[in-house]
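Chains, contacts and geometry: an overview
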Amino acid sequence: MDTPASVMVVAAIESGTLVMVRQYRHNLKRHTVELSVGGVSDGEDPEDAALVVKDREPILDNVIEQYFDMSVVEIPVVEVFDRLGHDIDGMETVGALLLARPHLISVENRCT
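The structure contained in this document is the topic of the report that follows. (Residues numbered from 1 in each chain as written. Predicted model: local features only at pLDDT ≥ 70, side-chain atom pairs only at ≥ 80, totals over all residues. Heavy atoms only, no water.)

On to the environment of P46, then. Tracing the backbone shows P46 in helix α1 (residues 46–56). On the accessibility criterion, P46 (47% relative accessible area) is partly exposed. Distance in space between the C-alpha atoms of P46 and V7 is 6.6 Å, their sequence separation being 39 residues. (Helix = DSSP H or I, 4+ residues; strand = E, 2+ residues; numbered from the N terminus. Buried < 20%, exposed > 50% of the residue type's maximum accessible area, 1.4 Å probe, protein only.)

On to the side chain of T17, then. Turning to its location among the elements, T17 is positioned in strand β3 (residues 17–25). Separated by 3.3 Å, the side chains of T17 and E74 make a polar contact. (Polar contact = N/O pair within 3.5 Å; in protein donor to acceptor, adjacent residues only side chain to side chain.)

Looking now at the nonpolar core. Of all hydrophobic cores here, the largest spans 15 residues; its most connected members are L18, M20, V80, I88 and L97. Elements with a minimum of two residues in this core: β3, α3 (77–82) and α4 (91–111). Considering every element that reaches this core, the biggest residue donor is α4, with five residues. Once you skip the residues sitting within four places of it in the chain, L97 turns out to touch V10, L18, M20, L35, V80, F81, L84 and I88. (Core = buried A, V, L, I, M, F, W, Y, C linked by side-chain atoms within 4.5 Å. Contact = heavy atoms within 4.5 Å.)

If you want it as structure tokens, here you go:
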């Protein structure tokens, strides 16, 4: 079975933080912190899909947040890498953050 196409967004903002999603995962019986993700429709450019995800996450409405026990959080870049393997431990999120780290150095330096 093929997995539908998807995108994951590493959203860094000027304050030196990353925008992430904190969500309760029932199968794990705990909260996790993850990068924003979204699907890619047939024929849709992945970059366009990523822009939709980036624009959607900061405005999760209260009904969605309560039902899924999720919220948008901003975490300083330097703290994100210290939390890997703790509450930031999903392999997709960890892999994306490690791949993005060289590009986040300037954001990281602003925080230190």
